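Chain by chain, the residues:
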Amino acid sequence: MSGQPRVKERYSKGPLEVIFYIVYDRTGGPGVDVVLEHKIAGRQSAHITLHPDDLPRFRETRTRKYLVEAVDNQMAGFEPALSDGLRAFLSKIRGRVVFDG
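In this text, all values refer to a predicted model and were calculated from it rather than measured experimentally. (Residues numbered from 1 in each chain as written. Predicted model: local features only at pLDDT ≥ 70, side-chain atom pairs only at ≥ 80, totals over all residues. Heavy atoms only, no water.)

K.L.:
Explain the overall build of the chain here, please?
P.N.:
Looking only at helices and strands, one finds 2 helices and 6 strands in the chain. Its C-alpha atoms give the chain a radius of gyration of 13 Å, within 12% of the compact-globule value 13 Å for 101 residues. Looking at the chain as a whole, 35% of its 101 residues are labelled buried. Counted over contacts in the chain with a minimum sequence separation of 6, partners at least 24 positions apart contribute 36%. (Helix = DSSP H or I, 4+ residues; strand = E, 2+ residues; numbered from the N terminus. Rg over C-alpha atoms; globule rule 2.2 N^0.38 Å. Buried < 20%, exposed > 50% of the residue type's maximum accessible area, 1.4 Å probe, protein only. Contact = heavy atoms within 4.5 Å.)

K.L.:
Looking at this structure, how should I read the pairing of strand β2 (residues 17-25)?
P.N.:
Remark: a regular strand shows side chains that alternate across the two faces of the sheet. The buried count for β2 comes to 8 of 9 residues, which makes it a mostly enclosed element. Taking the residues that link successive antiparallel strands as the turn, the β2-strand β3 (residues 32-40) hairpin has 6 residues, and the phi of Gly28 there is positive, at about 75 degrees. (Pairing = 2+ DSSP bridges.)

K.L.:
Whenever I open this one, the packing of aromatic side chains confuses me. Can you help?
P.N.:
Evaluated as defined, the whole model comprises 1 aromatic pair. With a centroid separation of 5.9 Å and 55 degrees between ring planes, the pair formed by Tyr21 and Phe89 is classed as tilted. Here Tyr21 is found in strand β2, whereas its partner Phe89 is found in helix α2 (residues 84-93), with 68 residues between them in sequence. Phe89 shares its class with Tyr21; the two are buried. (Phe/Tyr/Trp six-rings, centres within 6.5 Å; stacked < 30°, edge-to-face > 60°.)

K.L.:
Where do I start with the layout of surface pockets in this structure?
P.N.:
Here the idea is plain: a probe the size of a water molecule rolls over the atoms and shows the empty space left. For the largest pocket, the calculated volume is near 150 Å³. Around the largest pocket, the lining residues are Tyr21, Val32, Val34, Leu50, His51, Pro52, Asp54, Gly85, Ala88, Phe89 and Lys92. Here the lining of the largest pocket takes 4 residues from α2, the largest share from any one element. Broken down by class, the residue content of the lining of the largest pocket amounts to 7 nonpolar, 2 polar and 2 charged. (1 Å grid on protein atoms, 1.4 Å probe; cavity = no way out; pocket = protein on both sides within 12 Å on 5 of 7 lines; lining within 4 Å. Points joined across faces, edges and corners; volume = space filled by probe spheres on them. Nonpolar A, V, L, I, M, F, W, Y, C, P; charged D, E, K, R; others polar.)

Structure (structure tokens):
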């Protein structure tokens, strides 16, 4: 990932829970990296990255519970309405996340 994101969308659920959908140009090669980043009270809890190899990777910084629930529920309860790009990303990663620790 490098430079400014191509796309950065913010989705919230209540006053403290936020998910960012971010698309970056790939560093050192063609394609893009797509990131779904979860924050609670401004602190990152976990994120999922989909690289051009089409394998989603999960990174937990505090707890993965809320991000996994959001993905499994297609981000029900988050606002605003999900973009087409985010819907496609969620469809692609459901049930395919590799845990990186």
